[in-house]
Amino acid sequence: MRTSLALNQRRPWREICFPNGEWVLALALAVEIAIFARIGENFFTLSNFFEVVRLSVELGLLALAMTPIMITGGIDLSVGSIMGLSAVVFGVLWRDGGWPIAAAAGAALLLGCLAGLLNAVLITKLNLPPLIVTLGSLSLFRGIAEGITKGAENYSGFPAGFLRLGQGYIGGVVPVQFSFLLAAIGAYWVLLHRSAIGRTLYAVGFSPGGARYAGIPVQRRVALLYFLSGAVASVAAVIYVAHLGQAKSDAGTGYELAAITAVVLGGTSVFGGRGTVWGTVLGLFAISVLQNGLRLAALPSEMTGVLTGVVLVLTIGLGRLRGRARSNQATIDEADAMKNSQLAILCCAVVGGSLIVAGTNIWLVRSLRPADGVLATTAARTLAKPGKRPVVAMMPKSKGDPYFISCRAGAEEAAKEAGVDLIWDGPTGLDAAKQNEVVEGWITRGVDAIAVSVENSAGISTVLRKARARGIKVVTWDADAAPDARDYFINQATPEGIGFTLVDEGARLLGGKGEFAIITGPLSAANQNAWMEFMHQRVAAQYPEMKLAAMRPSDDDRDKAFAETQTILKVYPKVKLIVTISAPAVPGSAEAVQQAGRKDVFVIGLSLPNLCKRYVHDGVVQAVVLWNTKDLGYLTVYTAALLVEGRTGKDSLQAGRLGTVEVRGSQVILGKPFIFNKGNIDQYDF
Amino acid sequence: MLQRHRREISLIVSILAIVAVLAVVAPGFFTFANQRDLMLANMPVLIVALGMVLVILTGQIDISVGSQFAICSVATGVFARMGLPTPLAGVGACLVGALMGSVNGALVAWVRIPSIVVTLATMVALRDGLRWVTQGAWVQDLPPGFQWFGQSQAASEVITAGCAAVLAVGMNWGLRNLAAGRVVYATGSSPNAARLAGINPRLVVFAVFVLTGALTGFAAVCNAVRFLQIPSNAGIGLELKVIAAVVVGGVAISGGRGTIAGTLLGVLLLGVIGPALTFLGFSAYWERAIEGGIILAAVSMDAVRVRSGKHADIVSAQPA
């Protein structure tokens, strides 16, 4: 292994610029840029460059803080959770505590330092492995954030001066938060590559024991890094809040893995002792350019993960080959190094194996597709250059949710009938930051209309206003943004309507009295929290004899809903009604009730007819409340298409096969929620 | 004895503390039905953890198991819909898992990319690949004999639990008493020494990854047969649960140290906390915080004792 520490020999320029084999990554980045400049629309522009930079600031900060930690051979998995906790505390102090912004930010920073300190103490004083400690504090910090906010509290309405920090531009071009990233890059560069402390960190990474004999205060150095990591994570949290305009307990979920990916992609060794700030920055941009480029080229965003994986294996793999070829250290490991020919065979075998895996996957799913009625319109359709047809870009809250998948079926149908091209993209889980990112990408690309199912109204409204200012038509569907941020809202049902319908249906089954339990999605899901709010209201006002015994999260996971329902049935034997308000969770609850043989327990909920048909016929699920999701997707795209052509009426619009649809103000009304039950569920297929 | 098994002992103390509180406050926790449901709910974590122990014992890590789990689940359903009887479909899914494990293993063992990098790459690539091809659709309309392997529910549960128990006991015995088990410890303790002792450390590393893949496949099958449909997003976050159970169970992340018995205790502790909090009537909002606190407390307990017992060993402070 070589590092920048070998000082007393002349080195070729390549090693001076790329001491750690980063040239492989730099090359990969250059290739990415070259490809996307060709196939992406408006990719190779200055404004898009700054857009990419702007969206990678929070992640970049975390990755920078992670770099020296990994150089000492440690890891910090808790950074994403520290972000969530800091964001929430910042919001609480500002809104509920009435503190000034600066003081609240200071307190958030202090809290980040404390959280980092806790990690540091456990790791250095108790000699616990960093992986275990930060795995535990990952749950702890996120859990405290959820506890403080009850998952639902969403702090927004921050003053414009503060939001400039995350949304403004210096001189109209350079994003404000870019300065923070630059400062952090500078600071960490000095720390790692230009200071005595930095050299000791490499020494610690190579051999903690040896470093100690060399007189390095190992524990103090390591503690400093975790402390810094907590502090940097809370800075990232404040920027995140300013960027999105909201502080919520789910801030930064999953960022730890993204940060680690950037760091290892940048050539930092997970065993410690090797790594550079320069490499981490390259790694960071290799990932964000990939995401941005795929979006601008309207390629399916799932390619991001696949390509990230490939780039990761290739760059690190090539880096290792190079290291092996040039190294003349006579370690045992090297003594049995394989010949290049053997290595080539092996690489072929590995690539072949991956192809088989990929092939079987595609084949597996092909065989499942026709029967399931999944749309076979993905790459081929979106790949087509838009030509003169208008482009409608449509975003669900979460791409993997069966609810949104069924909306997409209608959307594709409308796109075909109305003669527009449809781009379907969005986050894979509930993620407000990702939604903003996708919309920013569409603005840069220059689509004709944007249709969004909004996760966070305050956060996305700013971006949607920007889109409208550029002449893009904006429609919201499923969940609304601020009224001035969009042209129309396709209103399928109000949260009030859903909450009341569910409670009324449940009360009918229970005869107006008894205990019930709710299984929700993730605790922080905005929609579900709004529905529950109205459910509470309705129960309090109309059914005083009904009592909510328990509310449990399912995280939109069928298996978790199953386990939670089983537990509820046992802990609260008096519960006679389970209300499950997450589409994938209803089959889980139903299966749990069925397996428990509790014929006296009713299950109702919000889900898709196709997922529940069997349980409805078995008499386990009494009612599923939903609107026609296909029609919702259809109406959304049709409205967007009419908007682009300027053919929307004042009180109604002609939406293809749906005929005349009522328009109230700026809301397009789909109709009332349906109640699916044994009698009618077979008439629907979605 | 006490020194060697201090992590196991602090785990047992933690579990006993929780159990004692439950016995007083919520005796309903100990009904047979609840114990059975708990065991079945934690079966996937347990089976995957059995593979993960081996991987971590060799000094590697596999964070792609959650994605493998999802793919194997879908594969089970697809095979079943092609008309294979459920047990055969299950074997097919295990093979798919082994295939994915072999890609991981080959990259780690012979191309010598660090395992966290390889499995990070396969984690995102496999997960997004599955999303890409399924577009999120669930596998539905499974043949009628699919659920419970075509047996009764009770029989199927006994079969699953029996398989898991045989696997756990067999591996616990084999790790100590078979050459194939001891080479895992040898490789993890020192690959170079292992090599000089006539072991092929690369083959060992490759084998444990393949085995983990196959076990992940088996876990996916056991889980899939309990339901009528198979979601394509299964196993999100499974890797963290499994790794937490293994390291809390006292397996050293640097390799070479740890037991199956400790891992079982780790799975038990983490599996009991969640439902126990529900039984004790805690609000769902604080549950994660309490879970995290208990994990930290459990692992800190033996560390504090070591410190007070003997002078801390500086080298062990920085595992790779």
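Please read all numbers here as calculations on a predicted model, not as lab measurements.

Criteria and cut-off values
- Residues numbered from 1 in each chain as written.
- Chains lettered and ligands numbered in written order.
- Predicted model: local features only at pLDDT ≥ 70, side-chain atom pairs only at ≥ 80, totals over all residues.
- Heavy atoms only, no water.
- Core = buried A, V, L, I, M, F, W, Y, C linked by side-chain atoms within 4.5 Å.
- Buried < 20%, exposed > 50% of the residue type's maximum accessible area, 1.4 Å probe, protein only.
- Contact = heavy atoms within 4.5 Å.
- Pairing = 2+ DSSP bridges.
- Helix = DSSP H or I, 4+ residues; strand = E, 2+ residues; numbered from the N terminus.
- Axes fitted to C-alpha atoms, helices over the stretch in contact; angles between N-to-C directions.
- Patch = residues over 30% accessible without salt bridge, like charges linked within 9 Å, V, L, I, M, F, W, Y side chains within 5 Å.
- Areas by Shrake-Rupley, 256 points an atom, 1.4 Å probe, with all protein chains shown as cover.
- Salt bridge = Lys/Arg side-chain N within 4 Å of Asp/Glu carboxyl O.
- Right-handed = clockwise from strand over helix to strand, strands pointing away.
- Nonpolar A, V, L, I, M, F, W, Y, C, P; charged D, E, K, R; others polar.

Q: What is the right way to read the nonpolar core from this model?
A: It is characteristic of soluble globular proteins that their nonpolar side chains tend to be buried jointly. All names here are of chain A. In this structure, F158 and F162 are the most contacted members of the largest nonpolar core, which totals 214 residues. With residues near it in sequence (within four places) discarded, F158 still touches F90, G91, W94, I101, L163, V241, G245, Q246 and A247. Listed in part, the 88 residues of the second largest apolar core include L510, M532, L626 and A640.

Q: Sorry, what's going on with the sheet that holds strand β10 (residues 514-520) of chain A here?
A: What links the strands of a sheet is backbone hydrogen bonding, and the strands pair in either a parallel or an antiparallel sense. Residues and elements named next belong to chain A. Taken in spatial order, the six strands of this open sheet run β11-β10-β12-β13-β14-β18, and their pairing is mixed. The open sheet has two free edges, formed respectively by β11 (546-553) and β18 (674-676), since each of these has just one partner strand. Within the sheet, the average angular offset between the axes of one strand and its neighbour, ignoring direction, is 20°. Inspection of the sheet shows β10 paired to strand β12 (residues 575-580) by five bridges, in the parallel sense.

Q: What is the right way to look at a nonpolar patch on the surface in this model?
A: A surface patch of nonpolar side chains, amounting to about 340 Å² of accessible area, comprises L27(A), V31(A), I35(A) and I39(A). Mapped onto the secondary structure, I39(A) falls in helix α2 (residues 23-39).

Q: Help me understand the pairing of strand β6 (residues 421-424) of chain A, please; the structure alone is not making it clear to me.
A: Taken residue by residue, a regular strand's side chains alternate between the two faces of the sheet. All names here are of chain A. Along β6, one buried face is formed by D421 and I423 and the opposite face, lined by L422 and W424, is buried too. By the bridge criterion, four bridges tie strand β5 (residues 391-395) to β6 in an arrangement that is parallel. Within β6, the position partnered with M394 by the bridge is W424. Chirality of the crossover, the property in question, places the unit of β5, helix α19 (residues 402-418) and β6 among those that are right-handed.

Q: I would appreciate a short explanation of the sheet that holds β6(A) in the present structure.
A: All names here are of chain A. Reading across the sheet, the eight strands line up as β6-β5-β7-β8-β9-β17-β16-β15 and stay open at both edges, with mixed pairing between neighbours. Each end of this open sheet is capped by a strand with a single partner; those strands are β6 and β15 (652-654). In this sheet, adjacent strand axes meet at a mean angle of 25° when their direction is disregarded. Looking at chain direction, strand β8 (residues 473-477) and strand β9 (residues 488-491) are connected through three bridges and run parallel. The residue of β9 that forms the bridge with T476 is F489. Across the sheet, helix α20 (residues 432-445) is in contact with β5, β6 and β7 (449-452); its angle to β5 comes to roughly 175°.

Q: Looking at this model, I keep getting lost on the interface of chain A and chain B. Mind explaining?
A: A common measure of how large an interface is: the accessible area buried when the components associate. Between chain A and chain B, the contact holds 102 residues from the first and 90 residues from the second. In this structure, the connection of chain A to chain B is made through one salt bridge. With a closest N to O distance of 2.7 Å, D37(B) and K570(A) form a salt bridge. If one sorts the elements of the side of chain A that touches chain B by residue count, helix α17 (residues 340-372) of chain A sits on top with 17 residues. Here the residues of the side of chain A that touches chain B sort into 53 nonpolar, 28 polar and 21 charged.

Q: Would you mind showing me how to read the pattern of salt bridges here?
A: Side chains bearing opposite charge may pair, as long as their charged atoms lie close to each other. All names here are of chain A. Considering all chains together, one arrives at 32 salt bridges over all chains under this definition. Note that E51 and R54 form a salt bridge whose closest N and O atoms lie 3.1 Å from each other. Here E51 and its partner R54 are both found in helix α3 (residues 46-55), three residues apart, which amounts to about one turn of the helix. With respect to class, E51 is no different from R54; both count as buried. Where K576 meets D600, a salt bridge forms, and the shortest distance between an N and an O atom there is 3.2 Å. With K576 in strand β12 and D600 in the loop between α25 (585-596) and β13 (602-605), this pair connects stretches of sequence that are 24 residues apart. The partly exposed category is assigned to K576, whose relative accessible area is 28%. By relative accessible area, which is 34% here, D600 ends up partly exposed. Through salt bridges with shared partners, a single network forms among E51, R54, E440 and K466.

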